[in-house]
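Letter by letter, the chains look like this.
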Amino acid sequence: MTHPKLEVAEAPERSALEELATDDSSRKRFLKMAGGGSAAAGLSLLIAACGGSKKSSSSSSSSSTTPPPSTTSSGGTGDIAIANYALTLEYLEADFYEKVVASGLFKGNKYASTIAKFGQQEASHVATLEAAIKKFGGTPAKKPKAKFPLKSQSSVLKLAGTVENLGAAAYLGQAAKIKSKEVLALALSIHTVEARHAAVLNTLLGKSITPDGAYAKPADMSTVLAAVKPFIVG
């Protein structure tokens, strides 16, 4: 998906989420850009989960502009670094589903079309993040080589559920650190899909659709990277 290019101007050093939580007019413009209804629900979740406040402030009139994405290429503090972190996770997810389809474990199975569709959507996330990183002057992260234990249908569904729940938590964990509203809109649009994937898989596995209750729990970068490290072989 693509998003309209936003005007780049100097702005106070605060995250896009903080701005959207305190400025009604900025929030309305963002939701229009991000797609309305589902984005509004996702934004409310992000604000609640990240401890933000939705009170408007009359002193936030200068917040109508948005800073350009930080060009930090490593670590986790800049928008491009965060986008590359997300891209690495999407590489792994897309590769996982591709390998699952190729394994033939679900051939002719009632879950086959769902698995294939999830894989197509993860591949789309990869393409969109790569394009966004290039647009902002960054270099997309190198695709890692991965290996997944594809032993049975049940074990694959369990792993898929773990991966998708982790992916949703990973995006939530970075939301409050993103400076650019354009990058936040992209992250939000992917986060909601990851969460829906997770909900479907949780249902198939007989687990709660919302395992953390009314508010999802974010996962920090070190936790997520440690969780996926066993699947990376090079």
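As shown above, the structure is provided for reference.
The structure presented is a predicted model; accordingly, all values stated were derived computationally and were not measured.

Participant: Explanation requested: the overall build of the protein chain in the structure shown.
Facilitator: In terms of regular secondary structure, the protein chain is built from eight helices and zero strands. Mapped from its N terminus to its C terminus, the protein chain presents α and β elements in the order α-α-α-α-α-α-α-α. Partitioning the contacts of the protein chain with sequence separation of at least 6, the portion at a separation of at least 24 is 83%. Accessible surface for the protein chain amounts to roughly 11,600 Å². Of this, 57% is attributable to carbon and sulfur atoms.

Participant: For this particular structure, what's the right way to read the environment of Q121?
Facilitator: When you line up the elements, Q121 lands in helix α5 (residues 112–135). Sequence-wise, Q121 and I190 are 69 residues apart; in three dimensions their C-alpha atoms are separated by 9.4 Å. Apart from the residues within four sequence positions on either side, Q121 is in contact with V193 and H197.

Participant: Whenever I open this one, the nonpolar core confuses me. Can you help?
Facilitator: What tends to happen in soluble globular proteins is that the nonpolar side chains get buried as a cluster. Within the largest apolar cluster, 26 residues are counted, with the highest numbers of intra-cluster contacts made by F96, Y97, F106 and V224. At the level of secondary structure, the elements contributing two or more residues to this core comprise α4 (79–103), α5, α6 (153–174) and α8 (221–228). Looking at this core, the element that brings in the most residues is α6, giving eight residues. Apart from residues no more than four positions distant in its own chain, F96 is found in contact with F148, L150, V156, L159 and A160. With 20 residues, the next largest nonpolar core counts V126, I133, I178 and V183 among its residues.

Participant: Can you walk me through the packing of aromatic side chains in this structure?
Facilitator: Working definition: an aromatic ring pair is given by the centre-to-centre distance plus the angle between the planes. This structure, assessed with the given rule, holds four aromatic pairs. Measuring from centroid to centroid gives 5.1 Å for F96 and Y97, while their planes differ by 65°, and the two rings are edge-to-face. Ring centres 5.2 Å apart and planes at 70° place the aromatic pair F96 and F148 in the edge-to-face group. With F96 in helix α4 and F148 in the loop between α5 and α6, the pair connects residues that are 52 residues apart, well separated along the chain. The pair F96 / F148 is uniform in exposure class, with both members buried.

Participant: Would you mind going over α8 with me for this structure?
Facilitator: Count 3.6 residues to each turn of an α-helix, and residues three or four apart come out pointing the same way. Every buried residue of α8 is listed here: M221, V224 and V228. The arc that holds the buried residues of α8, viewed along the axis, is 70°, so those residues lie on one side. Structural note: α8 exposes S222 and A226 on the side pointing more than 90 degrees away from its buried face. Packed against the buried residues of α8 are α4 and α6.

Participant: For this particular structure, what's the right way to read the side chain of E182?
Facilitator: Relative to the helices and strands, E182 resides in helix α7 (residues 181–204). Residue classification places E182 among the buried residues on the basis of a relative accessible area of 10%. One polar contact links E182 to K135, side chain to side chain, over a distance of 2.8 Å.

Participant: Honestly, the pattern of salt bridges in this entry has me stumped. Any pointers?
Facilitator: Think of it this way: side chains of opposite charge can pair up when their charged atoms draw near. A full pass over the atoms with the stated rule returns two salt bridges. Here D95 ties to K99 by a salt bridge, and the two come within 2.8 Å at their closest N and O atoms. Taken together, the residues D95 and K99, both in helix α4 and four residues apart, mark about one turn of the helix. Looking at D95, the relative accessible area reads 8%, which means it is buried. Assessed through its relative accessible area of 30%, K99 is described here as partly exposed.

Criteria and thresholds
Residues numbered from 1 in each chain as written. Predicted model: local features only at pLDDT ≥ 70, side-chain atom pairs only at ≥ 80, totals over all residues. Heavy atoms only, no water. Helix = DSSP H or I, 4+ residues; strand = E, 2+ residues; numbered from the N terminus. Contact = heavy atoms within 4.5 Å. Areas by Shrake-Rupley, 256 points an atom, 1.4 Å probe, with all protein chains shown as cover. Core = buried A, V, L, I, M, F, W, Y, C linked by side-chain atoms within 4.5 Å. Buried < 20%, exposed > 50% of the residue type's maximum accessible area, 1.4 Å probe, protein only. Phe/Tyr/Trp six-rings, centres within 6.5 Å; stacked < 30°, edge-to-face > 60°. Arc of directions from axis to C-beta. Polar contact = N/O pair within 3.5 Å; in protein donor to acceptor, adjacent residues only side chain to side chain. Salt bridge = Lys/Arg side-chain N within 4 Å of Asp/Glu carboxyl O.

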